Amino acid sequence: MRNRLSRTTILIAILMSLALAVACVPVAPASQNGAGTAALTDVTLLLDWTPNTNHTGIYVAQDKGWYEEAGLNVDIVIPGESDVHQVVGTGSADFGVSYQEGATFARVEGVPIVSIAAVIQHNTSGFASRSSAGIEGPTDLAGKRYGSFGSPIEYPTIDLLMQCAGGSAEDVEFIDVGWADFLSITEADQVDFAWIYYAWTGINAELQGIDLNIIMLKDYLECIPDYYTPILITSEAMIANDPDTVKAFVAATARGFEFAIDSPAEAADILLAANPDLDADLVHASQEWLANEYQAEAAQWGIQTGEVWQAYADFLIDGGIIESFDGEGAYTNQFLPE
């Protein structure tokens, strides 16, 4: 009996010693051993075009780790033939880069997308031609060949611009050129003019010493009101079902564009690192120009107003292009950083 008790006592003592030893072993924090690390939320962002300085803030946020810091794993996708509004509206992509004119037509057609930030505060696009084409104003577009990229907004925009000056788009030949480079197709005399962003194609022409005439839409506000282009969009379903992800995405993207505003040279280098095939001189020149345009005079980057959305819609309504539009429902500022 004494021997059994002694053995039992010894066994208990050994077990207690082992338990105490285990209890004293330091345990690494969850952040160090990975056991408690929160998984990143996968989201897809569909661009509107090939990467350029309209997208710099996105690549900055990716490079700086700000998306990851916000709990997101963002997949930046270059578009193919699909329409960004349909892709985002159906939830096949969580976010997209769009433009107010396209989003307006999409919402009229019932596509449930919402603008969540204005990438650039004012319209920096226009209809460009080589100076040899002799196009100096809207009336000069008559009898010319337009290089169309296939959007439903092109004809009504050109038509209403020309009507304002006493003309009509019926006198313009529309030629589908898709993604063709403007400078290449005009040099080959395939078209006379096309719709461009000055900050990219216009500056590119200047760097190459090519003289262009550009009918900048901001110079014809009495004909076509100002509007936001480009913009960031998401779906109504995304806003309703996952507003935290939307807020995290917008906040990180805003940091990216604010950085591009404050440090355009470094931001340009980040865009180039992610897209090394881009022309470095063009990216840097474009970035310097856009640094003053992203936010312009607005209180903060990305902010939008119902007046701008409704003014553009009213312009289309007055032109008989659409019947009605809810400007307030087309956008939201709720996800912008406070």
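Residues numbered from 1 in each chain as written. Predicted model: local features only at pLDDT ≥ 70, side-chain atom pairs only at ≥ 80, totals over all residues. Heavy atoms only, no water.

Taking an unreviewed UniProt entry as the reference, the chain is identified by name as ABC transporter substrate-binding protein belonging to Caldilineaceae bacterium SB0675_bin_29.

Bringing the state of the cysteines into the picture now. Applying the stated criterion across every chain, the model contains one disulfide. Put simply, Cys 164 and Cys 223 are joined by a disulfide, and their sulfur atoms are 2.1 Å apart. Torsion about the S-S bond of the Cys 164 and Cys 223 cystine: about -70 degrees, corresponding to left-handed handedness. Pair noted here: Cys 164 is in helix α7 (residues 154–164) and Cys 223 is in the loop between β9 (212–216) and β10 (231–235), with a separation of 59 residues, a long-range link. You can call Cys 164 partly exposed: its relative accessible area is 38%. Residue class for Cys 223 comes out buried when judged on its relative accessible area of 11%. (Disulfide = S-S within 2.5 Å. Helix = DSSP H or I, 4+ residues; strand = E, 2+ residues; numbered from the N terminus. Buried < 20%, exposed > 50% of the residue type's maximum accessible area, 1.4 Å probe, protein only.)

Where helix α12 (residues 264–274) is concerned, the buried positions are Pro 264, Ala 267, Ala 268, Ile 270, Leu 271 and Leu 272. Elements that come into contact with the buried residues of α12 comprise α3 (56–63), α11 (243–262) and α13 (280–290). (Contact = heavy atoms within 4.5 Å.)

For the rest of this paragraph, the subject is the pattern of salt bridges. Counted by the stated rule, this structure contains six salt bridges. Glu 69 is the salt-bridge partner of Arg 255, the closest N and O atoms lying 3.1 Å from each other. Of this pair, Arg 255 sits in helix α11 while Glu 69 sits in helix α4 (residues 66–69), and the two are 186 residues apart along the sequence. Exposure remark for Arg 255: the relative accessible area of 34% places this residue in the partly exposed category. Note that Asp 192 and Arg 145 form a salt bridge whose closest N and O atoms lie 3.0 Å from each other. Separated by 47 residues along the polypeptide, Asp 192 in the loop between α8 (182–187) and β8 (193–197) and Arg 145 in strand β6 (residues 145–148) bring together distant segments of the chain. Using a relative accessible area of 14% as the deciding quantity, one classes Asp 192 as buried. Each of Arg 145, Asp 189 and Asp 192 takes part in salt bridges that share partners, so that together they form one network. (Salt bridge = Lys/Arg side-chain N within 4 Å of Asp/Glu carboxyl O.)

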